Amino acid sequence: MVTAAEAKEWAREGLRGNCSSLYTPFSGKDGDEIDHEALRALVRHCLVDLDQDGIWLTGGIAEFWSLTTDELKEVMTVAIEEARRVKPGALIQVMSSTDTAKQCVELTLHAQLAGADICYVLTPYFECSGKPGVHDYLRYVADRTDMPLGYFNSHATGLVLTPEECVELYRAIPALCGLKNGLLDARHSLAVHKLAPEMVLWEADDEAGIRLGIPHPGALGAALYLYETPERPFYREHRELLLEGDFERAAKFAAESGLTAIRTANKRFQSHPARPGAFTHWGAGFKFGASVLGLPIGDYPHSRPPQTPFPDDLKGPVRDAYAAAGWVSREQVSCA
């Protein structure tokens, strides 16, 4: 187990690879239960069938805000146990952010004991006193845990830190060893990289980041299961072309494989009609996309409140994109 003191050195080699951010399969009345078997099957699909390098747990796509503390621990325990069983060396990342610093410590300690490699912490999303408040929050967690920590910069919290602030935090807290920059703003990430080239950084808009020359450790937490199948590892092939700097071939490959059309269709569950312009981790939408590919999503396919169900009028373009690309048959999508 890597300790906090070893975090920065470990991250330079250990924090990399293509890792899927898992949704939470719900079951029962109003989705009040977690479907353990569906979760285990999703872990196996990502790590074995797709041969991905790791998983990201209890993040935005997993609807962490709708899960109780016990449920967050439950998801961690079940998924980590399955991951270590089928691929012991997988990179296991957990987002341990919640409303309170004390609860974040509780979840981080649970992840640490369960065998996670790193925990990420979002900017506190209520009554946070800017960068000083973020520093105090991260310091509180770091002082009470002993494992690598990552920072997740996201518009979803309502507080975005500048490149300078991100680097100041990285240098002030020994356990803080990486940044997931979820702003979809590669220029922001480039500024971070120039200030701290030794920091492991993942820009959520990975193609833009690669084009700007930011070292690319992989996709450390994205819904990669929506862009690959065991027979068609298109995300991986496209990324390799980008890393080679062959952007013209990469664009042609993405268009001809259907990857571009599928990504465009899937943007329908990255925003909500009631909140135009806001990036949304619409759990039910991600699960719908997964269901088109035949992945297990539990018998309750919707999100928990405060997210609404994924509407039928947004499902057609997603089905059509997968069918047009030949990833699934028309008969399959009609059942989704």
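Please refer to the structure placed before this passage.
Source: prediction; values computed, not measured.

Thresholds, definitions, all that
- Residues numbered from 1 in each chain as written.
- Predicted model: local features only at pLDDT ≥ 70, side-chain atom pairs only at ≥ 80, totals over all residues.
- Heavy atoms only, no water.
- Helix = DSSP H or I, 4+ residues; strand = E, 2+ residues; numbered from the N terminus.
- Buried < 20%, exposed > 50% of the residue type's maximum accessible area, 1.4 Å probe, protein only.
- Axes fitted to C-alpha atoms, helices over the stretch in contact; angles between N-to-C directions.
- Parallel < 35°, antiparallel > 145°, perpendicular 65-115°, else oblique.
- Left-handed = near helix turned anticlockwise from the far one by under 90°.
- Contact = heavy atoms within 4.5 Å.
- Nonpolar A, V, L, I, M, F, W, Y, C, P; charged D, E, K, R; others polar.

Draft legend 1. Examining the environment of proline 273 more closely. Mapped onto the elements of the fold, proline 273 is located in the loop between helix H11 (259–266) and helix H12 (283–292). Separated by 201 residues in sequence, proline 273 and leucine 72 have C-alpha atoms that sit 28 Å apart.

Draft legend 2. Up close: H12. Most of H12 sits inside the fold, with 9 of its 10 residues counted as buried. Three or more residues of H12 are buried, namely Gly283, Ala284, Gly285, Phe286, Lys287, Phe288, Gly289, Ala290 and Val292.

Draft legend 3. Broad picture of the packing of helix H4 (residues 101–114) against helix H5 (residues 130–144). In contact at an axis separation of 9 Å, H4 and H5 are set at 40° when each is read in the N-to-C sense. Comparing the axis directions of H4 and H5 gives the class oblique. For the pair H4 and H5, the sense of crossing is right-handed. The segment H4 lies against H5, with Ala101, Lys102, Cys104, Val105, Thr108 and Leu109 engaging Tyr137, Tyr140, Val141 and Arg144. Of the residues assigned to the contact of H4 with H5, the class counts are 7 nonpolar, 1 polar and 2 charged.

Draft legend 4. Structural detail: the environment of leucine 159. Looking at the element boundaries, leucine 159 is found in the loop between strand E7 (149–153) and helix H6 (163–172). As for leucine 159 and glycine 294, which are separated by 135 residues in sequence, their C-alpha atoms are 37 Å apart.

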